[in-house]
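Inside the fold
Residues per chain, in single letters:
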Amino acid sequence: KAGVTQTPRYLIKTRGQQVTLSCSPISGHRSVSWYQQTPGQGLQFLFEYFSETQRNKGNFPGRFSGRQFSNSRSEMNVSTLELGDSALYLCASPPAGYYTGELFFGEGSRLTVL
Amino acid sequence: GENVEQHPSTLSVQEGDSAVIKCTYSDSASNYFPWYKQELGKRPQLIIDIRSNVGEKKDQRIAVTLNKTAKHFSLHITETQPEDSAVYFCAACDRNSGNTPLVFGKGTRLSVIA
């Protein structure tokens, strides 16, 4: 079974720009969760999508948004980038295919904002 | 919502010694407590988990303990080796509900000194 695939792996943007990150969950799985990882803050929950519907949302400003397509692939978008948005963005899906709490992570997209 | 506190943030031990990382959680509804290990430049990977119906679980040199009354759980690594050096994250959620995301602590950077 293929794992969680994230693209791009690395990207550099400047303040004020916007960025779109993509995630394909484990094949056949309908749930996708997004996390932001920064030094000292650990893994902070952004949002979760299940069958194209946002099921949970973390405490991030409205500049952070996401969506999920019918093939379960998900995208997250960050508009009006700030220096503090520099982070590793991780996508994850439950390896069991249904909610158990366990998450299998992708390799992440490392965003640098200059 | 759930809040997970993790201590210490950094930990250095001599090879062969034991390491203990502690976490507390706030939501009494949480019943699933996984631990993830993230090596440098890699994705977080599940190393062990415990559910609220057990107090301890072991897997070779790794063990987790859970005290539901006090709402804390711990990771114990015995006979540490250099390859144990990584960042460790604890997490908590209600695995019976698809409406609560997995909430992580801020991580512990473990360094095993040879």
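Summarised in this report is the structure supplied together with it. The structure displayed is predicted, hence computed values, not measured ones. (Residues numbered from 1 in each chain as written. Chains lettered and ligands numbered in written order. Predicted model: local features only at pLDDT ≥ 70, side-chain atom pairs only at ≥ 80, totals over all residues. Heavy atoms only, no water.)

Counting residues in each nonpolar core, the largest one holds 23 residues, and the members touching the most others are Trp35, Phe73, Leu75 and Leu110 of chain B. Put simply, the parts of the chain that give this core at least two residues each are β2 (10-14), β3 (19-25), β4 (32-38), β5 (45-51), β7 (62-67), β8 (72-77), β9 (86-92) and β11 (108-113) of chain B. Filtering out sequence-adjacent residues up to four positions away, Leu110 of chain B remains in contact with Leu11, Val13, Ala19, Ile77, Asp84, Ser85, Ala86 and Tyr88 of chain B. Core analysis: the second largest hydrophobic core is formed by 21 residues, Val4, Leu21, Phe47 and Ala87 of chain A among them. (Core = buried A, V, L, I, M, F, W, Y, C linked by side-chain atoms within 4.5 Å. Buried < 20%, exposed > 50% of the residue type's maximum accessible area, 1.4 Å probe, protein only. Helix = DSSP H or I, 4+ residues; strand = E, 2+ residues; numbered from the N terminus. Contact = heavy atoms within 4.5 Å.)

Residues and elements named next belong to chain A. Mapped onto the elements, Arg63 comes out in the loop between β6 (53-57) and β7 (64-68). A distance of 3.0 Å separates the side chain of Arg63 from the backbone oxygen of Ser79, its partner in a polar contact. Within the structure, Arg63 has its side chain in polar contact with the backbone oxygen of Thr80 (distance 3.2 Å). In this structure, Arg63 is in contact with Asn77, Val78, Ser79, Thr80, Leu81, Glu82 and Asp85, ignoring residues within four places of it in sequence. (Polar contact = N/O pair within 3.5 Å; in protein donor to acceptor, adjacent residues only side chain to side chain.)

The next thing to look at is the interface of chain B and chain A. Chain B puts 19 residues into the contact, and the matching count from chain A is 21 residues. In total, about 1,800 Å² of surface goes out of reach between chain B and chain A, with carbon and sulfur atoms giving 53% of it. In this structure, the connection of chain B to chain A is made through one salt bridge. For the interface between chain B and chain A, the tally reads three residue pairs in polar contact (both at pLDDT 80 or more). At three residues, β4 of chain B tops the list of elements feeding residues into the side of chain B that touches chain A. Grouping the amino acids of the side of chain B that touches chain A by side-chain chemistry returns nine nonpolar, six polar and four charged. (Buried area = accessible area lost by both parts, 1.4 Å probe. Salt bridge = Lys/Arg side-chain N within 4 Å of Asp/Glu carboxyl O. Nonpolar A, V, L, I, M, F, W, Y, C, P; charged D, E, K, R; others polar.)

None of the figures reported here should be taken as evidence of function without further support.
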